[in-house]
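Okay, here's what each chain looks like letter by letter:
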Amino acid sequence: MILHIPHSQKYIPAEYLQYFHLSDSELDFELLKMTDHFTDELFECSQSNCSEIIFPVSRLLVDPERFVMDADEPMSARGMGCIYDKTHDQKPLKDCRAIRQLLIDRYYETHHNQFTDLVNHELKQVGHSLIIDCHSFPKYPLLYEMDQKSDRAEICIGTDDFHTPHNLADKVADGFDKAGFSTALNEPFTGAIVPIEHYGKTKAVNSIMIEIRRDLYMDEASGRKTENFDIVKRAIGGILESLAQTQK
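Residues numbered from 1 in each chain as written. Predicted model: local features only at pLDDT ≥ 70, side-chain atom pairs only at ≥ 80, totals over all residues. Heavy atoms only, no water.

Visitor: Which residues make up the overall build of the protein, and what values go with them?
Guide: Assigned secondary structure in the protein consists of five helices and eight strands. When its helices and strands are written in sequence order, the protein yields β-α-α-β-α-β-β-α-β-β-β-β-α. Projected onto its principal axes, the C-alpha coordinates of the protein cover approximately 50 × 40 × 30 Å. Counting every position in the protein, which comprises 248 residues, the buried fraction comes to 51%. By element, 49% of the accessible surface of the protein is carried by carbon and sulfur atoms, the whole surface being about 11,700 Å². (Helix = DSSP H or I, 4+ residues; strand = E, 2+ residues; numbered from the N terminus. Buried < 20%, exposed > 50% of the residue type's maximum accessible area, 1.4 Å probe, protein only. Areas by Shrake-Rupley, 256 points an atom, 1.4 Å probe, with all protein chains shown as cover.)

The structure is reproduced here in structure tokens:
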């Protein structure tokens with residue numbers, strides 16, 4: 001089982017800050033809004049057959065969850081392809097046209113090569129692979145989001161028609177239901193990541209996205225953890241441990 005954690009980091013190397021149009025305080029605010037805070041801590045599994053891959057820089061620099069070609073990526077219409085040029089409220093973010101390919105080569109392609117290697121290793125070792133796509137989302141929709149409904153379940157479970165078996169989605173939803181959390185399927189976000197070489201081709205590669213509503217574990221205004229953090233982490237951990245056991 002692989003924990004894919006793409007949006008937990010706030011780090012932007014100093015050499016790229018010159019391309020951003022935001023002041024320091026504006027950039028901090030954008031990071032507060034757009035980072036999947038603490039998902040690298042919330043999603044942990046102790047099983048020996050569980051590994052993780054964490055994208056090392058902020059999605060504001062490069063987003064590894066978008067298709068690399070803007071023509072293939074619906075969010076590019078909102079300035080949020082794999083290289084963002086718009087903020088969460090659709091204002092100018094940065095201009096990286098001169099170094100777009102450098103960023104893709106250095107971060108996007110490197111990450112996806114490592115991700116693909118992990119999946120291929122599992123396929124070789126045990127004949128199948130399970131990807132958990134680990135995210136969080138704000139209680140209320142940000143302006144860029146496709147789904148603007150304000151009534152959001154506490155847990156969003158994202159699926160792919162080809163790569164997410166129904167019993168996998170049911171198992172995750174049941175786990176969160178039993179832990180006392182409300183769940184929704186593919187609302188407000190849909191899909192689950194799969195390496196492009198296996199996407200729509202390899203049935204032995206399963207994937208599911210788990211999105212945690214941020215107000216459950218943090219103060220969205222300050223970015224600090226709340227007293228409920230450990231409760232939410234334990235609930236997630238229990239589900240991950242159970243899923244990992246089924247993969248042995």
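Visitor: Can you lay out the side chain of D160 for me, pointing to particular residues and giving the numbers?
Guide: Turning to its location among the elements, D160 is positioned in the loop between β4 (155-158) and α4 (166-178). It is K203 that comes nearest to the buried, bridge-free D160 among opposite-charge side chains, at 7.3 Å. A distance of 2.9 Å separates the side chain of D160 from the backbone nitrogen of F162, its partner in a polar contact. A polar side-chain atom of D160 sits 3.5 Å from a polar atom in the side chain of Y199. Residue contacts for D160: discarding those within four places in its chain leaves A192 and Y199. (Lys, Arg positive; Asp, Glu negative; His and termini not counted. Salt bridge = Lys/Arg side-chain N within 4 Å of Asp/Glu carboxyl O. Polar contact = N/O pair within 3.5 Å; in protein donor to acceptor, adjacent residues only side chain to side chain. Contact = heavy atoms within 4.5 Å.)

Visitor: An account of the packing of aromatic side chains is requested, with residue identities and associated values reported.
Guide: Per the stated rule, a full pass over the model turns up five aromatic pairs. A ring pair is formed by F176 and F181, whose centres lie 6.3 Å apart and whose planes are at 80°; its orientation type is edge-to-face. Each member of the pair, F176 as well as F181, is classed as buried. Ring centres of Y217 and F229 lie 6.0 Å apart, and the angle between their planes is 70°; on these two criteria the pair is classed as edge-to-face. (Phe/Tyr/Trp six-rings, centres within 6.5 Å; stacked < 30°, edge-to-face > 60°.)

Visitor: Could you give an account of the pairing of strand β6 (residues 205-213), with specific residues and numbers?
Guide: Counting buried positions along β6 yields eight of nine residues, so the element is predominantly enclosed. By the bridge criterion, nine bridges tie strand β3 (residues 129-137) to β6 in an arrangement that is parallel. Residue pairing across strands places S136 opposite I212, the latter belonging to β6. Here β4 pairs with β6 via four bridges, running antiparallel. Looking at β6, one finds that I155 is bridged to I212. (Pairing = 2+ DSSP bridges.)

Visitor: Just give me the short version of the nonpolar core, but keep the residues and values in it.
Guide: Among the nonpolar cores identified, the biggest contains 33 residues, and M1, L3, F43, I132, F176 and I212 are the most heavily contacted of them. Looking at this core element by element, the count peaks at eight residues for helix α5 (residues 229-246). Once residues within four sequence positions are removed from consideration, F176 is found in contact with I155, F181, T183, I210, I212, I236 and I239. Core analysis: the next-biggest nonpolar cluster, separate from the first, contains 26 residues, L60, V62, L93 and L103 among them. (Core = buried A, V, L, I, M, F, W, Y, C linked by side-chain atoms within 4.5 Å.)

Visitor: Requested: an account of α5, with residues and values cited.
Guide: Since the α-helix advances by 3.6 residues per turn, residues separated by three or four positions end up pointing in the same direction. Between its first and last C-alpha atoms α5 spans 26 Å; for 18 residues at 1.5 Å apiece the expected length is 26 Å, and the two agree. The complete set of buried residues in α5 reads F229, V232, A235, I236, G237, I239, L240, L243 and A244. The inward-facing, buried residues of α5 contact β1 (2-5), α2 (39-42), β3, α4, β6 and β8 (224-225). (Expected span 1.5 Å × (residues − 1).)

Visitor: Which residues make up the pattern of salt bridges, and what values go with them?
Guide: Where charged atoms from two side chains of opposite charge come close, those side chains can pair. As enumerated under the stated definition, the model contains 14 salt bridges in all. Here E44 and K233 are joined by a salt bridge, their closest N and O atoms 3.2 Å apart. Residue E44 is located in the loop between α2 and β2 (51-54), and its partner K233 is located in helix α5; the two are separated by 189 residues in the primary sequence. Given a relative accessible area of 40%, E44 falls into the partly exposed group. Here R59 makes a salt bridge to D63, at a shortest N to O gap of 3.7 Å. There is no split in this pair, since R59 and D63 are both buried. Each of D36, R59, D63, R66 and R214 takes part in a single network of salt bridges with overlapping partners.

Visitor: Let's hear about the packing of α4 against α5: which residues, and what values?
Guide: For the pair α4 and α5, the least separation of the axes is 9 Å and the interaxial angle reads 150°. Classified by the angle between their axes, α4 and α5 sit roughly antiparallel to one another. In this structure, α4 meets α5 at a crossing whose hand is right-handed. Contact with α4, carried on its side by L168, K171, V172, G175 and F176, involves I236, I239, S242, L243 and T246 of α5 and no other residues of that element. Of the residues belonging to the contact of α4 with α5, the class tally is six nonpolar, three polar and one charged. (Axes fitted to C-alpha atoms, helices over the stretch in contact; angles between N-to-C directions. Parallel < 35°, antiparallel > 145°, perpendicular 65-115°, else oblique. Left-handed = near helix turned anticlockwise from the far one by under 90°. Nonpolar A, V, L, I, M, F, W, Y, C, P; charged D, E, K, R; others polar.)

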